[in-house]
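Descriptive structure summary
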Amino acid sequence: MSALLELPFPQAAMPRHAARIRLLAFWAVMAGLAIAGTLIVLLIAGLLVRESWPLISQAGPLRFLTDAGWWPRDGSFNMSPMILASLLLTAGALAIATPLSLVFATFTCFVAPAWLTKGLRLLVEASAAVPTVVYGLWGITVIVPLVNRISPPGSSLLAGMIVVAVMIFPTIAMLSRAALLAVPPGYVQAAAALGVSNAQTVLRIVLPAARHGIVSAMILGAARAIGETMVVLMVCGNIVQVPKSLFEPVRTLTANIALEMPYAMGDHRASLFVAGLMMLVLVSALVALGEWVGATGRRGAP
Amino acid sequence: MSALGSGMPYPRERLWTGFLWAGSLLVAAMLLWPLLIVILEGSHALSLEFFTGSPSDAGRSGGILPILVSTLAIVSISLAAALPLAFAIAVMLTEVCRPDGWIATAMRCSLDILAGVPSVVFGLFGLSLFCRQLGMGYSIAAGGLALACMILPTLARALTTALEAAGEQHRVSGAALGLSKPAVLCSVTVPVALPGICAGLILAMTRALAETAVLLFTSGYSDRMPESIMDSGRSISIHIYDLSTNVPGGMPNAYGSALALLLMLTVLSAAVHWGTRWMHKHMTGASQR
Amino acid sequence: DRATGSTQPAEKAAVERIMVVGASTIAPLMSEIAKAYEQSHPGVRIEVQAGGSSRGVLDVRQGTAGIGMVSRELKSDEADLKHVMIAQDGVGMIVHKDNPIQRFTKQQIIDIYTGKLTNWRQLGGDDAPITVVSKAEGRSTLDIFSHFFGVKYKDIKAHVVIGDNQQGIQAVAGSPATVGYVSIGTAEYEAQHGAAIKLVPVDNQVPTTAAVAAGEYAIRRPLNLVFKEPLTATAKDLVQFAQSRDASALVKKQFFVPVAQ
Amino acid sequence: MTHSTLLATSPHAERARPAPQSIADSVPSSGHIEFDDISVRYGNNKVVEAVSLKVPRNSVTAMIGPSGCGKSSMLYTVNRLCDLIPGCCVTGSVAFSWLDNEQMRKDAILLRRQVGMLFQRPNPFPFSIWKNLEFALKQHGIRAKAEVNERIESALQEVGLWDEVKDRLSLSAFALSGGQQQRLCLARALVLQPAVLLMDEPCSALDPISTQKIEDLILRLSRTRTILLVTHSLGQARRVASQVAMFWKLDGVGRLIECGSALDLFDQPRHELTQSYLAYA
Amino acid sequence: MTHSTLLATSPHAERARPAPQSIADSVPSSGHIEFDDISVRYGNNKVVEAVSLKVPRNSVTAMIGPSGCGKSSMLYTVNRLCDLIPGCCVTGSVAFSWLDNEQMRKDAILLRRQVGMLFQRPNPFPFSIWKNLEFALKQHGIRAKAEVNERIESALQEVGLWDEVKDRLSLSAFALSGGQQQRLCLARALVLQPAVLLMDEPCSALDPISTQKIEDLILRLSRTRTILLVTHSLGQARRVASQVAMFWKLDGVGRLIECGSALDLFDQPRHELTQSYLAYA
Ligand SMILES: Nc1ncnc2c1ncn2[C@@H]1O[C@H](COP(=O)(O)OP(=O)(O)OP(=O)(O)O)[C@@H](O)[C@H]1O
Ligand SMILES: Nc1ncnc2c1ncn2[C@@H]1O[C@H](COP(=O)(O)OP(=O)(O)OP(=O)(O)O)[C@@H](O)[C@H]1O
Ligand SMILES: [Mg+2]
Ligand SMILES: [Mg+2]
Ligand SMILES: O=P([O-])([O-])[O-]
């Protein structure tokens with residue numbers, strides 16, 4: 001950081017060509033680092049493909065959707081129920097966390113007294129730091145028995161959605177709060193001067209104006225939810241099945257990897273890398289969807 | 001922008017305000033619940049010896065000093081590795097690439113996908129690349145680097161947002177003074193963006209501190225005091241995980257460690273806040289009003 | 001070099017490092033053994049690393065680790081590795097403390113786990129649907145269970161699948177209608193310390209660590225160390241220490257059953 | 001007088017408007033806005049002290065004075081926008097002689113419905129041009145298609161924007177030039193037919209032609225609206241205001257140092273600070 | 001003439017300045033900036049077409065015209081700020097008769113070092129007052145403590161800010177009033193001693209007193225600086241400019257319709273659009 005303090009680009013002090021070389025070096029380093037950061041995902045994909053190739057090359061990728069079931073030790077690798085579970089869990093957690101986040105962000109930006117805002121911000125920051133295992137323990141000792149009272153066994157899709165929603169809440173809430181704070185105060189003042197009520201100002205002016213930030217917060221939240229492992233492993237019941245209701249247990253792709261990887265050998269092990277690859281494909285599809293929605297949103301904006 | 005104005009007797013306004021209060025307090029209660037459990041259960045375990053001793057009897061008794069040291073080392077390495085990458089990406093996205101161009105889109109997508117990669121997969125990736133291919137073995141360095149990959153998207157996004165907002169106003173005025181882009185960036189945009197950068201750092205650090213699955217495969221399990229970053233070392237989240245799932249009777253100390261983790265986060269984020277405030281003052285020459 | 005587990009050539013040559021990798025069930029025990037061994041052998045550092053039985057086998061085969069930990073019998077295709085047993089662990093059925101059931105028959109367990117018995121009433125308990133907890137595929141506990149009861153793991157109809165023992169105890173403690181199976185040592189400890197569970201005998205098999213130690217309890221598994229010959233002298237010494245009477249106290253402290261009686 | 005709907009609040013328009021109390025009658029009438037002992041603080045920083053001022057109804061009152069003397073802050077006390085500014089604290093009272101002040105004290109929304117405001121910097125919403133105007137109307141319960149269309153069109157014509165934008169009403173308001181945006185914001189305020197209009201340097205970003213248009217409009221509007229105008233241009237104050245209030249920063253706090261009819265104040269300023277200030281005109 | 005260091009580039013100052021080529025001599029001299037066939041497009045939207053204009057050195061040239069006719073865009077072509085605006089495309093050339101145009105074409109930074117700019121809205125950096133000025137100097141390699149101090153002080157005195165802020169130089173620049181901020185920005189540009197100054201409506205947010213100060217300053221600076229001034233105030237153009245360029249939007253595209261000495265243009269405008277526009281002054 002001392003380099004920054006030292007004002008690294010005095011321009012007239014040195015001959016022009018030296019300055020230019022420094023500029024070039026700066027951009028080269030920046031571009032190099034940025035490319036390195038961007039390529040990590042490819043490295044990961046490469047690893048997954050390498051490890052799972054023996055299995056994929058045997059019978060093609062379709063078998064992972066069409067096999068009889070998930071019996072990895074008997075060479076039957078149908079992952080479609082787990083893909084579905086991952087998607088359902090993410091959608092559910094997002095559906096719970098997003099509205100609550102928006103309520104929370106609105107409250108702390110516009111309604112809450114300063115001391116309460118500060119307290120709530122601290123609370124949310126602290127929650128983000130709670131290790132996932134602790135959320136898992138909370139889920140298994142508090143949420144699962146509660147759900148169990150409604151409908152056994154308790155370990156279920158619903159329990160997973162609730163705990164994961166609480167987990168991703170800090171991410172979405174903090175980022176959407178930042179998005180709301182970035183809305184120019186002029187909008188709020190203009191609306192107030194027109195005699196528009198607080199509720200309408202938020203719903204029709206502030207939230208729409210902040211929608212890019214909110215969508216981006218949701219994408220990050222969804223990414224966390226779909227990649228979440230430990231909590232899901234502990235509260236979702238881990239049964240490989242297509243759930244018929246919220247109260248039935250499910251197994252997500254991530255939980256599957258964490259659950260079986262330490263004890264898997266041979267094809268079984270390769271199939272877990274396929275699951276990882278599947279995750280990557282799934283997330284890519286979601287991101288592409290988000291980009292597309294964002295792009296059409298931008299184009300269709302008034 | 002802060003307040004929308006105070007109490008209005010419009011019945012519908014009351015309803016709205018009441019709704020926001022109720023919703024937020026509900027959320028607060030939801031968030032407090034796990035935290036309270038940690039605080040209540042964990043406070044029994046805390047004592048001076050807990051912070052200064054080494055774990056014994058598989059962690060059921062003794063302290064967590066070596067674990068705190070390993071954790072700090074791992075988190076420092078991961079931030080030190082992720083920060084330059086995230087900064088470079090943020091600079092590329094805000095200063096160089098057109099926001100709708102394919103390069104920017106590719107970068108953003110790549111980061112978003114990275115954000116969605118499950119932490120187990122990061123663990124396997126770190127194991128294969130850092131521990132095996134690069135020959136680091138199970139070590140603090142390998143764990144830190146694998147963790148850096150995981151927090152990169154969070155950090156990059158936070159930095160991008162911060163630099164974007166800060167650069168907007170000052171890019172043109174800096175250029176009009178005959179300053180090169182990097183000069184404006186380093187001397188104007190970064191100081192202005194420091195609060196945002198600080199928030200991003202804290203968020204990333206938080207994630208790094210709380211992460212289990214990545215380190216399970218990379219940084220090791222050994223609970224003795226590390227002598228170098230090439231030693232294996234147990235991070236506090238792994239310690240909590242091991243105590244709560246693998247060690248009968250480990251639960252009290254698991255909660256104690258979780259509480260210690262929260263305290264550690266508080267101290268660290270206070271330090272980051274303080275550090276950035278100092279830098280901000282130093283770089284802008286302005287006493288904050 | 002790394003292949004023999006003695007790493008970091010740059011460091012003082014006096015220190016010899018041994019890498020021990022494998023089952024998370026054995027890892028806490030092994031690190032205690034390692035600590036004790038290091039204390040009497042100052043020039044040795046032992047790096048214990050959890051990650052699963054298969055990680056132990058893989059790492060030993062690849063040479064990344066000197067010694068592997070495997071919490072099950074070795075399979076026929078793992079004959080290239082030597083193994084020694086350092087402790088035993090029994091697997092017992094557990095139910096909620098408030099469940100009136102006192103004893104299972106072997107057939108009842110088979111019927112419960114294959115979905116033929118679905119209500120506790122059918123076993124003389126309360127009228128409540130049975131929630132069946134089983135272990136994840138590949139876990140050695142599951143292998144022991146399915147081997148003893150002769151249930152193919154494909155036929156097991158579970159409601160909840162768990163990873164580690166502690167999770168099973170929490171699942172059973174959280175609901176009176178649940179049945180599961182976990183490591184006996186762990187269950188005994190937790191039951192003594194207030195967890196709402198109890199161990200239930202199957203036929204004449206009474207699940208206690210004493211019974212496992214006496215060889216009277218049939219549902220049990222070995223906790224093994226595996227390695228490739230030849231081992232370094234120090235590693236060989238460590239393996240011997242792990243089987244020794246000195247290590248037995250440590251084994252008992254981790255609620256397993258020592259082999260060196 | 002082509003756009004009578006906006007200028008004169010016709011009986012028809014009055015009925016259609018769901019506001020809970022009577023507003024300006026269609027003929028100019030007596031009355032005033034009375035500022036009573038207004039002081040404004042931001043945190044611990046007092047910026048306006050003890051200003052008492054009577055603004056006659058249906059006329060233009062210009063507030064002039066050097067930068068930072070608290071003119072904008074005074075405007076904010078009228079429609080209670082100061083409530084929105086963190087740390088801002090106002091004492092004293094503003095009363096409208098022809099409105100129910102008691103009710104409006106309780107309900108800022110009702111108040112702001114009567115008091116339109118044009119900000120120093122144009123701040124249209126990030127909507128289309130049309131939606132910017134429609135939004136304000138719909139928020140106040142005016143939804144009948146025909147009436148909405150009519151009001152929007154006449155407001156846009158009023159500010160001289162209709163011909164420039166009528167073919168691209170669905171374009172984003174941000175695609176307009178600065179001057180156009182300012183006029184759009186004025187139209188947005190006018191479309192609600194407020195009884196009082198606050199204008200904070202409405203012409204500072206405009207060229208002379210647009211300025212002239214706005215000044216003409218102010219003069220026309222002032223027949224049925226009470227207008228409070230903050231301006232740095234003494235020429236403008238002279239051209240449009242019937243009363244002028246002169247503020248000055250004494251000891252770091254803004255005060256009203258002189259107030260009177262425009263003619264008197266410009267020709268025979270009494271206060272010496274006013275005299276020296278007017279010398280710059 | 002107390003602040004001679006800034007106004008007259010004395011031989012001493014000339015030596016101290018490390019710029020790689022000679023700039024304004026201390027006496028007004030012949031030379032000009034020549035705009036040759038400048039056109040500006042934003043995306044597919046042409047906003048300025050075929051403007052050719054000669055701006056004499058060391059004098060004030062005012063650019064006037066209605067909103068949106070491309071005056072700001074013209075300024076941006078001088079210091080190539082247009083390069084920073086996405087989608088902006090400029091054809092034609094701007095040449096400085098007394099500088100090495102070839103080298104500056106290659107290096108925009110060198111160019112902007114010679115061409116200072118003042119924006120319509122004050123845009124100080126969020127630093128302390130002192131740091132705002134020191135920053136630019138240090139970035140251009142001027143680090144000698146004594147010289148930095150001297151330059152900053154004389155620049156602040158130049159813009160009449162020294163007495164107002166000398167006791168609180170470490171205060172954030174945002175704590176200044178709008179007029180003070182604008183003058184600070186001017187000081188920031190002056191401290192680099194540019195040969196050319198671009199000013200985009202520098203007084204639109206200022207009260208008459210501050211305006212007068214800035215205008216006086218413009219007149220003084222114009223003895224040794226070439227100043228291009230965009231203004232909406234015809235009065236201001238008349239007061240400070242020696243040459244006036246009149247822009248107009250014809251068929252939606254900005255064009256130069258008339259250009260001449262201020263006296264001629266204001267007294268005998270040739271173009272009828274100019275005549276009607278000046279009628280508003
Ligand atoms: N939100 C705020 N927080 C703190 N101080 C403020 C705030 N807004 C204005 N001030 C201060 O209050 C004083 C009066 O401000 P105000 O905007 O009312 O002045 P003004 O007369 O409108 O000036 P101008 O002509 O420059 O717009 C100024 O000194 C200003 O610094
Ligand atoms: N960044 C931009 N993108 C697209 N169009 C632009 C952009 N900037 C300006 N324009 C358009 O170019 C035209 C000329 O703009 P310019 O700012 O040069 O006008 P101006 O003469 O300075 O007007 P004003 O007096 O209002 O400042 C306007 O019609 C404007 O809409
Ligand atoms: Mg103002
Ligand atoms: Mg302009
Ligand atoms: O010891 P496990 O393999 O059953 O976890």
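Residues numbered from 1 in each chain as written. Chains lettered and ligands numbered in written order. Predicted model: local features only at pLDDT ≥ 70, side-chain atom pairs only at ≥ 80, totals over all residues. Heavy atoms only, no water.

**Section: the overall build of chain A**
Looking only at helices and strands, one finds 13 helices and 2 strands in chain A. Dimensions along the principal axes, computed over C-alpha positions, put chain A at roughly 70 × 60 × 40 Å. Within chain A, buried positions represent 61% of all 302 residues. Counting every atom, chain A has about 10700 Å² of accessible surface; 71% of that belongs to carbon and sulfur. Each charge class in chain A can be summarised by its mean position, and for the 18 positive and 10 negative side chains these summaries are 14 Å apart. (Helix = DSSP H or I, 4+ residues; strand = E, 2+ residues; numbered from the N terminus. Buried < 20%, exposed > 50% of the residue type's maximum accessible area, 1.4 Å probe, protein only. Areas by Shrake-Rupley, 256 points an atom, 1.4 Å probe, with all protein chains shown as cover. Lys, Arg positive; Asp, Glu negative; His and termini not counted. Charge placed at Lys NZ, Arg CZ, Asp CG, Glu CD.)

**A look at the interface of chain D and chain E**
Listed by partner, the interface residues are 18 residues for chain D and 20 residues for chain E. Contact between chain D and chain E buries roughly 1600 Å² in total, counting both sides, with carbon and sulfur atoms accounting for 64%. When the area that chain D buries against chain E is broken down by residue, the three leading residues are Pro208(D), Ile209(D) and Tyr280(D), summing to 34%. Linking chain D with chain E are 0 salt bridges. If one sorts the elements of the side of chain D that touches chain E by residue count, helix 10 (residues 208–221) of chain D sits on top with 3 residues. (Contact = heavy atoms within 4.5 Å. Buried area = accessible area lost by both parts, 1.4 Å probe. Salt bridge = Lys/Arg side-chain N within 4 Å of Asp/Glu carboxyl O.)

**Considerations on the interface of chain A and chain B**
Frequently, the measure chosen for interface size is the accessible area that the parts lose on association. Taken together, the contact pairs 89 residues of chain A with 90 residues of chain B. The junction of chain A with chain B conceals about 8000 Å² of combined surface from both sides, 80% of it contributed by carbon and sulfur atoms. Put simply, chain A and chain B have 1 salt bridge between them. Between Glu291(A) and Arg108(B) there is a salt bridge whose closest N-O contact spans 2.9 Å. Our enumeration of links across chain A and chain B arrives at 3 residue pairs in polar contact (both at pLDDT 80 or more). Top element by residues in the side of chain A that touches chain B is helix 2 (residues 16–59) of chain A. It accounts for 17 residues. (Polar contact = N/O pair within 3.5 Å; in protein donor to acceptor, adjacent residues only side chain to side chain.)

**A closer look at a nonpolar patch on the surface**
Residues and elements named next belong to chain A. A surface patch of nonpolar side chains, about 460 Å² in accessible area, is lined by Leu87, Leu286, Leu289, Trp292 and Val293. Tallying contributions element by element places helix 13 (residues 266–300) first for the nonpolar patch, with 4 residues. With respect to the helices and strands, Trp292 occurs in helix 13. Its relative accessible area of 56% is what places Trp292 among the exposed residues. (Patch = residues over 30% accessible without salt bridge, like charges linked within 9 Å, V, L, I, M, F, W, Y side chains within 5 Å.)

**Regarding the pattern of salt bridges**
Throughout the structure, instances matching the rule amount to 48 salt bridges over all chains. With a shortest N-O distance of 2.8 Å, Asp89(C) and Arg221(C) are connected by a salt bridge. With Asp89(C) in strand 4 (residues 82–96) and Arg221(C) in strand 9 (residues 220–227), this residue pair connects regions lying 132 residues apart in the sequence. Here Asp89(C) matches Arg221(C) in class, with each residue buried. In this structure, the salt-bridge partner of Arg80(D) is Asp83(D), at a minimum N-O distance of 3.0 Å. Take Asp83(D): its relative accessible area is 28%, and that puts it in the partly exposed class. Linked by salt bridges that have partners in common, Arg224(B), Glu227(B), Asp231(B), Arg17(C), Glu38(C), Arg45(C) and Glu47(C) make up one network.

**Some remarks on the UniProt feature "transmembrane region" (unreviewed entry) in chain A**
Residues and elements named next belong to chain A. Those places that UniProt annotates as "transmembrane region" (unreviewed entry) correspond, in this numbering, to residues 24–49, 83–116, 128–147, 159–180, 186–207, 219–240 and 270–289. Helix makes up 100% of residues 159–180 and strand 0%, and the two end C-alpha atoms of the span are 30 Å apart. From the first C-alpha to the last, residues 270–289 spans 29 Å; its make-up is 100% helix and 0% strand. (UniProt positions renumbered as here; feature names shortened; annotations may be inferred.)

**Here's the deal with helix 1 (residues 27–40) of chain C**
An α-helix turns once per 3.6 residues; consequently, residues spaced three or four apart project the same way. Residue and element names in this part refer to chain C. Look at helix 1: 20 Å from first C-alpha to last across 14 residues, which is about the 20 Å you get at 1.5 Å a residue. Within helix 1, 10 of the 14 residues are buried, leaving the element largely enclosed by the surrounding structure. Here helix 1 has its buried residues at Ala27, Pro28, Leu29, Met30, Ser31, Glu32, Ile33, Ala34, Tyr37 and Glu38. (Expected span 1.5 Å × (residues − 1).)

**Digging into the environment of Leu84(A)**
By the secondary structure assignment, Leu84(A) is in helix 4 (residues 80–111). For the pair Leu84(A) and Gln241(A), spaced 157 residues apart in sequence, the C-alpha to C-alpha distance is 9.3 Å.

**With respect to the relation of the copies chain D and chain E**
Least-squares fitting of chain D to chain E yields an RMSD of 0.3 Å, with the transformation described by 0.2 Å of translation along the axis and a rotation of 178°. Such a turn and shift between the copies fits a two-fold axis. By C-alpha distance to the rotation axis, the residue of chain D lying nearest is Ser204(D), at 3.0 Å. Take the interface residues of chain D: 100% of them recur as interface residues in chain E, which is what a same-surface contact looks like. (Least-squares fit on C-alpha atoms with pLDDT ≥ 70 in both.)

**A few points about the packing of helix 9 (residues 236–245) of chain B against helix 10 (residues 251–284) of chain B**
All names here are of chain B. One way to put it is that helix 9 packs onto helix 10 with a least axis distance of 8 Å and a crossing angle of 160°. Regarding the angle of helix 9 to helix 10, the classification is roughly antiparallel. The element helix 9 and its partner helix 10 pack so that their crossing is left-handed. For the pair formed by helix 9 and helix 10, the contact residues are Ile236, His239, Ile240, Leu243 and Ser244 on the first element and Met251, Asn253, Ala254, Ser257, Ala258, Ala260 and Leu261 on the second. For the contact of helix 9 with helix 10, a count of residues per class yields 8 nonpolar, 4 polar and no charged. (Axes fitted to C-alpha atoms, helices over the stretch in contact; angles between N-to-C directions. Parallel < 35°, antiparallel > 145°, perpendicular 65-115°, else oblique. Left-handed = near helix turned anticlockwise from the far one by under 90°. Nonpolar A, V, L, I, M, F, W, Y, C, P; charged D, E, K, R; others polar.)

**Observations regarding the site of ligand 2**
Residues and elements named next belong to chain E. Near ligand 2 there are 13 residues, and of these Ser67, Gly68, Lys71, Ser72 and Ser73 occur at the shortest range. The contact in question runs from an oxygen atom of ligand 2 to an N or O atom on the backbone of Gly70, over 2.9 Å. A distance of 2.6 Å is found between an oxygen atom of ligand 2 and a side-chain nitrogen or oxygen belonging to Ser72. Protein contact buries 69% of the 640 Å² of open area that ligand 2 shows by itself. When residues of the shell around ligand 2 are assigned to their parent elements, the largest contribution, 3 residues, is made by helix 3 (residues 71–78). Of the residues contributing to the shell around ligand 2, the split by class is 4 nonpolar, 6 polar and 3 charged. (Near = heavy atom within 4 Å.)

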